[in-house]
Amino acid sequence: YAVVWSGLWFAMGFGTISAFLMPLLLMLIGWFVQLLFVLETSENGKRVLPGELHVGRWLRVSTDSLSADQNVLRCAITLLILIAVVFVLERLTVLLARRASVQAALQWTSRLLRRLFHQSRNLSIDQGLSGQRKRLRDLIQSDVPRVRDALTDWYRVFPRNLIQTIAVLILASLIHPWLTL
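All values reported here derive from a predicted model rather than from experimental measurement.

Draft legend 1. The overall build of the chain, seen in detail. Looking only at helices and strands, the chain features three helices and four strands. When the helices and strands of the chain are read in sequence order from the N terminus, they spell out α-β-β-β-β-α-α. Put simply, 64% of the contacts in the chain that link residues at least 6 apart link residues at least 24 apart. In the form shown here, the chain has an accessible surface area of approximately 11,700 Å², with 66% of it arising from carbon and sulfur atoms.

What follows is the structure, encoded as structure tokens:
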């Protein structure tokens, strides 16, 4: 049991991490878009950074925390680097979640096959080998691969899509409550 649960926990853990990285990526892209379109003009006609970037009312970041020093290019590059890092981390965690889900499904399948062979051996004593052969072959060739594929798909999407939907809805409500509809 511990082997299957470890693969399952890895799949759920990486899926949860990737679910939270997508709203973070959207928030960083929102700040970057605001940086491109909302520049203040100083008294000498030079374009300067605003004091803070915000997406909605509550999602704010100070331009001083981006190590920009009133340099628009440095702030834009910092945001682009953050966007790239979060994107790569999100893709990496999705890949690791997929691999862990396949591993958990394969571990579950191997446990099931061991139990099937053990049960078939026990029943062959009572019913004879010929009665068990067709049922076991049907299970191994058609039913077990379908269950394995269904488990793999479930482990890939279950925690990630649920958490991602909730996180994106929270992000949308923080930007503007009408976006959640």
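Draft legend 2. Up close: the pattern of salt bridges. As enumerated under the stated definition, the model contains three salt bridges in all. Two residues, Glu52 and Arg60, come together in a salt bridge whose shortest N-O distance is 2.5 Å. Residue classification places Glu52 among the partly exposed residues on the basis of a relative accessible area of 33%.

Draft legend 3. Layout of the environment of Ala104. Here Ala104 shows up in helix 2 (residues 72–127). The exposure class assigned to Ala104 is buried, which follows from its relative accessible area of 0%. Each C-alpha atom, one on Ala104 and one on Gly7, is 4.5 Å from the other, the two residues being 97 residues apart in sequence.

Draft legend 4. How the structure looks around the environment of Ala167. The topology assignment puts Ala167 in helix 3 (residues 129–175). As a C-alpha pair, Ala167 and Leu24 span 143 residues in sequence and 9.3 Å in three-dimensional space. Dropping the residues within four chain positions of it, Ala167 is found in contact with Phe20 and Pro23.

Draft legend 5. Geometry of the packing of aromatic side chains. As enumerated under the stated definition, the model contains two aromatic pairs in all. For the ring pair Phe10 and Phe14, a centre distance of 6.2 Å and an interplane angle of 15° mean the geometry is stacked. Separated by four residues within a single helix, Phe10 and Phe14 lie in helix 1 (residues 2–37), roughly one turn from each other. Ring centres 4.9 Å apart and planes at 15° place the aromatic pair Trp154 and Phe158 in the stacked group. Separated by four residues within a single helix, Trp154 and Phe158 lie in helix 3, roughly one turn from each other.

Draft legend 6. Spotlight on a nonpolar patch on the surface. Taken together, the side chains of Leu73, Ile77, Ile81, Val85, Leu89, Leu92, Leu95 and Leu96 make up a nonpolar region of the molecular surface, amounting to roughly 680 Å² of accessible area. Relative to the elements of secondary structure, Leu89 occurs in helix 2. In this structure Leu89 comes out as partly exposed when scored by relative accessible area, which is 39%.

Draft legend 7. Structural detail: the nonpolar core. Counting 19 residues, the largest nonpolar core has Leu28, Trp31, Leu35, Leu53, Cys75 and Leu79 as the members making the most contacts within it. Among the elements of the structure, helix 1, strand 3 (52–55), strand 4 (59–62) and helix 2 are those that each provide at least two residues to this core. Among the elements that line this core, the one with the most residues is helix 1, at seven residues. Ignoring any residue separated from it by four or fewer positions in sequence, one finds Trp31 in contact with Leu53, His54, Val55, Leu59, Arg60, Val61 and Leu79.

Basis of the calculations
Residues numbered from 1 in each chain as written. Predicted model: local features only at pLDDT ≥ 70, side-chain atom pairs only at ≥ 80, totals over all residues. Heavy atoms only, no water. Helix = DSSP H or I, 4+ residues; strand = E, 2+ residues; numbered from the N terminus. Contact = heavy atoms within 4.5 Å. Areas by Shrake-Rupley, 256 points an atom, 1.4 Å probe, with all protein chains shown as cover. Salt bridge = Lys/Arg side-chain N within 4 Å of Asp/Glu carboxyl O. Buried < 20%, exposed > 50% of the residue type's maximum accessible area, 1.4 Å probe, protein only. Phe/Tyr/Trp six-rings, centres within 6.5 Å; stacked < 30°, edge-to-face > 60°. Patch = residues over 30% accessible without salt bridge, like charges linked within 9 Å, V, L, I, M, F, W, Y side chains within 5 Å. Core = buried A, V, L, I, M, F, W, Y, C linked by side-chain atoms within 4.5 Å.

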